[in-house]
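Structural overview for review
Chain by chain, the residues run as shown.
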Amino acid sequence: ELPFEVSVLLSIFVILVITNAINLIDGIDGLASLIGTIISVSFGVWFLLVERYEYAIVAFALVGGLIAFWIYNVYGTTNKIFMGDTGSLVIGLIVSVLVIWFNEVNLDTDQAYYVQAAPSVSFGILIVPLGDMLRVMLVRLMHARPMFRADKNHMHHQLLRLRMPQRRVMWIMALVNVLFVIFVFIINRYISIRRMLLLILVLAMVLSYVPPIILWLRKKKARKYKNRKNL
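Residues numbered from 1 in each chain as written. Predicted model: local features only at pLDDT ≥ 70, side-chain atom pairs only at ≥ 80, totals over all residues. Heavy atoms only, no water.

Details of unusual backbone geometry
- Phi at Glu51 takes a positive value of approximately 60 degrees, unusual for a residue other than glycine.
- Its identity as a non-glycine residue notwithstanding, Arg163 has a phi of 65 degrees, on the positive side.
- Residue placement: Arg163 occurs in the loop between α7 (155-160) and α8 (166-187). (Helix = DSSP H or I, 4+ residues; strand = E, 2+ residues; numbered from the N terminus.)

See the structure below:
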């Protein structure tokens, strides 16, 4: 068990990281709200199963608000609405609180739906925002760029460079998040927290470099075609 002061600092750090991660993926219509819905449903269903209804109510209340927003944000025409920083930061704050509750409740190892590697499972459920943020920070660090200066190196930007419509990018990233949620809940009983976290990070990093590789292959093919045409 962590000392009280350390646990408070760790909780503040988790809240800041998750809140900013959700804010950073709000780059195209519907993405932050759909990812927030997937995350909240994942936690909400688990809280229902362990009969922690007070936490489930918070999760599903957020889901209700996000679905209503998502419809008008993605499919709205005359009534289109946007989220803005305030909306994404509120989503991040509520999600971070759900993460803390999820890990706290899993301290009880005798419950029927005990999650063994709860910290790693939490990371897997939030893989799209957290994985994207880690990747962007790593790229900025490698290129000696300011860590907090905005750029267009996020995953949705990479997919948009492949000339995909915004809605397709949104659905692809949502599908990846859903697959990771299923994956982490299945394997959490068979692997330690650290190994599971490492596995999630490796998978996320590998997948994050698929769009740049595809883009590089397309450019290489285009250059070859141009050279042949000039000959």
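Some points on a positive patch on the surface
- On the surface, Lys152, Arg161, Lys219, Lys220, Arg223, Lys224 and Arg228 cluster together into a positively charged patch.
- Mapping Lys224 onto the fold places it in helix α10 (residues 210-230).
- By relative accessible area, which is 47% here, Lys224 ends up partly exposed. (Patch = residues over 30% accessible without salt bridge, like charges linked within 9 Å, V, L, I, M, F, W, Y side chains within 5 Å. Areas by Shrake-Rupley, 256 points an atom, 1.4 Å probe, with all protein chains shown as cover. Salt bridge = Lys/Arg side-chain N within 4 Å of Asp/Glu carboxyl O. Lys, Arg positive; Asp, Glu negative; His and termini not counted. Charge placed at Lys NZ, Arg CZ, Asp CG, Glu CD. Buried < 20%, exposed > 50% of the residue type's maximum accessible area, 1.4 Å probe, protein only.)

Comments concerning the nonpolar core
- Membership of the largest hydrophobic core comes to 58 residues, with the highest contact counts inside it found for Phe43, Phe47 and Leu126.
- Looking at this core element by element, the count peaks at 9 residues for helix α2 (residues 31-49).
- Setting aside its immediate chain neighbours within four residues, Phe47 contacts Arg52, Tyr53, Tyr55, Ala56, Leu98, Trp101, Phe102 and Val105. (Core = buried A, V, L, I, M, F, W, Y, C linked by side-chain atoms within 4.5 Å. Contact = heavy atoms within 4.5 Å.)

Structural notes on a nonpolar patch on the surface
- A surface patch of nonpolar side chains, about 580 Å² in accessible area, is lined by Val41, Val45, Leu48, Leu49, Tyr53, Phe60 and Tyr113.
- Tallying contributions element by element places α2 first for the nonpolar patch, with 4 residues.
- Examined against the element boundaries, Leu48 turns out to sit in helix α2.

Regarding the environment of Pro211
- Mapped onto the fold, Pro211 is located in helix α10.
- On the basis of relative accessible area, Pro211 is assigned to the buried category, the value being 5%.
- Linking Pro211 and His156, residues 55 residues apart in sequence, is a C-alpha distance of 9.7 Å.
- Not counting residues within four places of it along the chain, the set of residues in contact with Pro211 comprises Met155, Gln158, Leu159 and Leu162.

Observations regarding the side chain of His157
- Here His157 is to be found in helix α7.
- His157 gets classed as buried once you look at its relative accessible area, which sits at 16%.
- Once you skip the residues sitting within four places of it in the chain, His157 turns out to touch Asp151 and Lys152.

Concerning the pattern of salt bridges
- Per the stated rule, a full pass over the model turns up 2 salt bridges.
- Residues Arg52 and Glu54 are paired through a salt bridge, measuring 3.4 Å at the closest nitrogen-oxygen approach.

Quick notes on the confidence of the model for the protein chain
- With 99% of its residues at a pLDDT of 70 or more, the protein chain has an overall mean of 89.
- At the low end of the mean pLDDT range in the protein chain sits α10, at 80; at the high end sits α2, at 95. (pLDDT = per-residue confidence, 0-100.)

A short note on helix α4 (residues 84-105)
- Between the first and last C-alpha of α4 there are 32 Å, a value that for 22 residues agrees with the 32 Å anticipated at 1.5 Å per step.
- Residues of α4 that are buried include every one of Ser88, Ile91, Gly92, Val95, Ser96, Leu98, Val99, Phe102 and Val105, and no others.
- The inward-facing, buried residues of α4 contact α1 (4-24), α2, α3 (53-75), α5 (118-125) and α8. (Expected span 1.5 Å × (residues − 1).)

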